Structures are given as structure tokens and as C-alpha cells.
Amino acid sequence: DAKTTQPTSMDCAEGRAANLPCNHSTISGNEYVYWYRQIHSQGPQYIIHGLKNNETNEMASLIITEDRKSSTLILPHATLRDTAVYYCIVRVAWGAQKLVFGQGTRLTINP
Amino acid sequence: NAGVMQNPRHLVRRRGQEARLRCSPMKGHSHVYWYRQLPEEGLKFMVYLQKENIIDESGMPKERFSAEFPKEGPSILRIQQVVRGDSAAYFCASSPLESSYNEQFFGPGTRLTVL
């Protein structure tokens with residue numbers, strides 16, 4: 001699986017959009033970008049994934065650059081409950097495989 | 001549909017004792033994964049199982065650790081002769097057989113403390 005690089009920490013004001021970047025310059029053609037988050041002491045939670053098109057669901061939006069070497073997770077209206085560590089993971093979609101977690105980005109939403 | 005269940009949520013053991021951690025996957029899920037999170041560290045993959053089979057145990061320590069996922073009942077992660085370094089949060093995740101995207105659903109974790 002391709003390696004990802006994320007900022008160690010970020011801050012965002014409550015109600016604002018939180019934009020979390022991820023670099024994955026060695027991503028290959030059959031690898032997807034997945035985002036998970038871990039709220040303090042809880043199990044990780046799936047957020048969204050995508051291949052090359054932008055994706056949106058009820059939790060977030062995922063913007064993937066045209067060359068697929070980087071992506072941005074967008075939480076449109078951050079709340080205090082979005083404070084968590086966010087993990088960007090690159091891996092093939094088909095087949096059951098382990099998730100390789102990096103250090104992630106510790107996002108703090110401030111009131 | 002209940003989520004992934006893990007028990008106990010907290011487990012305290014003395015050095016040298018055995019720890020048994022249980023994971024009940026979501027209904028209809030036949031893939032189970034175990035991950036470990038040491039204090040102030042990231043999540044590390046340990047083992048991946050399907051019913052009655054270990055598929056990938058590349059993250060399992062070579063000694064004292066074992067895992068099973070029997071045909072009936074929960075998956076068990078067993079740690080023999082625990083040491084203080086085994087203190088960590090152990091998370092189980094499951095995914096369905098036919099998932100196109102292999103989204104993994106995580107349980108709340110078991111926090112093991114070794115005295």
C-alpha cells in the first residue's frame with residue numbers, strides 16, 4: 001500500500017469547514033483513498049473513500065486531485081464532536097485486507 | 001443490526017496471567033481483524049481471520065499471542081503470560097464477505113492493563 005503523509009495537528013473553529021490534507025504521491029492506479037477517524041478512546045470510524053472522483057456523503061466530502069497524488073477531506077460545518085485523529089489510508093478496495101494506519105492528523109475543533 | 005461487540009471493555013491482569021479478549025462481529029460478517037494501540041501510539045494490525053482460518057498474522061508477536069475465529073461463537077485473541085508491555089487497547093473490526101469496498105467496522109475496544 002502506498003504511503004501517506006498528513007500534518008500532525010490542525011485546529012478549526014466550530015461551525016467552520018475543516019479541510020484535512022493528505023499526500024499520497026506513490027498511489028497506484030487500483031488504490032483507493034480511505035479516511036477513518038478515531039474519537040478519543042473509541043474504535044476507529046469509517047468516514048469516506050474514493051478512487052478519482054470527488055465523493056460526498058452525510059459525514060464529509062473527499063476531494064482528490066486529478067493526478068491522484070493528494071486529497072483533502074472536508075468536514076463542512078465542524079462541531080466539537082468532530083475533534084478526533086483523522087487517518088488517511090491508501091489501499092486497494094477489493095479483497096479483504098488489513099488497514100495500515102499512520103500517525104494521522106489530530107484535529108481540534110475550538111468553540 | 002448491532003455493531004461489533006467486544007468484551008470485556010476493561011481487563012486487568014497481573015504479570016504471568018492469561019488474557020482472553022472476545023470479539024463478536026456484525027451479523028453477516030465473516031472477516032475479523034484485530035488491531036492493537038499502545039499508549040500514545042497509532043493502531044497496528046495484528047491478525048486477520050475468516051471463519052476457522054487465519055488469513056494474515058503478519059502483525060502478531062511471535063510468542064504468547066494467538067487468535068481464533070471458530071465456526072460458532074466470537075473471535076478470541078489470547079495472550080498468555082502477559083507482561084506490562086502488553087498493556088494497550090485492542091480493537092476488533094469486521095467486514096462482510098461480499099463488500100465491494102472492504103469498509104471495516106470497529107468495536108469499542110478492550111483496554112488491557114497488566115499490573
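Residues numbered from 1 in each chain as written. Chains lettered and ligands numbered in written order. Predicted model: local features only at pLDDT ≥ 70, side-chain atom pairs only at ≥ 80, totals over all residues. Heavy atoms only, no water.

Participant: I would appreciate a short explanation of the interface of chain A and chain B in the present structure.
Facilitator: Many authors give the size of an interface as the accessible area that is lost as the parts come together. Contacts between the two partners involve 21 residues from chain A and, on the opposite side, 20 residues from chain B. The junction of chain A with chain B conceals about 1,700 Å² of combined surface from both sides, 52% of it contributed by carbon and sulfur atoms. For the pair chain A and chain B, the interface holds 5 residue pairs in polar contact (both at pLDDT 80 or more). At the level of elements, strand S3 (31–38), strand S4 (45–50) and strand S8 (84–92) of chain A are the ones that each hand at least two residues to the side of chain A that touches chain B. It is S3 of chain A that provides the largest number of residues to the side of chain A that touches chain B, a total of 4 residues. For the side of chain A that touches chain B, the residue count by class is 11 nonpolar, 8 polar and 2 charged. (Contact = heavy atoms within 4.5 Å. Buried area = accessible area lost by both parts, 1.4 Å probe. Polar contact = N/O pair within 3.5 Å; in protein donor to acceptor, adjacent residues only side chain to side chain. Helix = DSSP H or I, 4+ residues; strand = E, 2+ residues; numbered from the N terminus. Nonpolar A, V, L, I, M, F, W, Y, C, P; charged D, E, K, R; others polar.)

Participant: I keep staring at the sheet that holds strand S9 (residues 105–110) of chain A and nothing clicks. Help me out?
Facilitator: Two pairing modes exist for strands in a sheet, parallel and antiparallel, and in both the strands are linked by backbone hydrogen bonds. Residues and elements named next belong to chain A. With respect to topology, 5 strands assemble into an open sheet ordered S1-S9-S8-S3-S4, the strand pairing being mixed. The open sheet is flanked by strand S1 (9–13) and S4, the only strands paired with a single partner. In this sheet, adjacent strand axes meet at a mean angle of 25° when their direction is disregarded. Of the pairings in the sheet, the one linking S1 to S9 comprises 5 bridges and is parallel in character. Bridge assignment links Asp11 to a residue of S9, and that residue is Thr108. (Pairing = 2+ DSSP bridges. Axes fitted to C-alpha atoms, helices over the stretch in contact; angles between N-to-C directions.)

Participant: Looking at this structure, I do not really get the pairing of strand S3 (residues 19–24) of chain B. What am I missing?
Facilitator: Strand residues, when the strand is regular, have side chains that alternate between the two faces of the sheet. Residues and elements named next belong to chain B. Only one face of S3 is covered, namely the one carrying Ala19, Leu21 and Cys23; the face carrying Arg20, Arg22 and Ser24 has none of its residues buried. Sheet analysis places strand S1 (residues 5–7) next to S3, joined by 3 bridges and oriented antiparallel. Bridge pairing in S3 links Gln6 to Cys23. Examined bridge by bridge, S3 and strand S8 (residues 75–79) share 5 bridges and lie antiparallel to one another. Across the sheet, the residue bridging to Arg22 is Ile76, located in S8. (Buried < 20%, exposed > 50% of the residue type's maximum accessible area, 1.4 Å probe, protein only.)

Participant: Explain the sheet that holds strand S7 (residues 65–68) of chain B here, please?
Facilitator: All names here are of chain B. The strand order across the open sheet formed by 4 strands is S1-S3-S8-S7, and the pairing between neighbours is antiparallel. Strands at the two margins of the open sheet, each flanked by one partner only, are S1 and S7. Across this sheet, the average inter-strand angle for adjacent strands is 15°, counted without regard to direction.

Participant: How should I be thinking about the environment of His40 of chain A in this particular structure?
Facilitator: Residues and elements named next belong to chain A. Mapped onto the secondary structure, His40 falls in the loop between S3 and S4. Using a relative accessible area of 68% as the deciding quantity, one classes His40 as exposed. For the pair His40 and Met10, spaced 30 residues apart in sequence, the C-alpha to C-alpha distance is 16 Å. There is a polar contact of 3.1 Å between the side chain of His40 and the side chain of Ser41.

Participant: What is the right way to read the state of the cysteines from this model?
Facilitator: Such a bond, covalent and formed between the sulfur atoms of two cysteines, is termed a disulfide. Evaluation of the coordinates by the stated rule reveals 2 disulfides over all chains. What pairs with Cys22 of chain A in a disulfide is Cys88 of chain A, and their sulfur atoms sit 2.1 Å apart. With the S-S bond torsion at -80°, the cross-link from Cys22 of chain A to Cys88 of chain A turns out left-handed. Linking Cys22 of chain A in strand S2 (residues 18–23) with Cys88 of chain A in strand S8, this pair joins segments that are 66 residues apart in sequence. The pair formed by Cys22 of chain A and Cys88 of chain A is uniform in burial state, with each residue classed as buried. The partner cysteine of Cys23 of chain B in its disulfide is Cys92 of chain B, sulfur to sulfur 1.7 Å. Sign of the S-S torsion, about -45° for the bond between Cys23 of chain B and Cys92 of chain B, identifies this disulfide as left-handed. Taken together, the residues span a long stretch of sequence, with Cys23 of chain B in strand S3 and Cys92 of chain B in strand S9 (residues 88–96) at a distance of 69 residues. Here the two residues Cys23 of chain B and Cys92 of chain B agree in accessibility, since each one is buried. Just so you know, Cys12 of chain A is unpaired, no disulfide at all, and the nearest cysteine sulfur is the one on Cys22 of chain A, 18 Å from it. Assessed through its relative accessible area of 9%, Cys12 of chain A is described here as buried. (Disulfide = S-S within 2.5 Å.)

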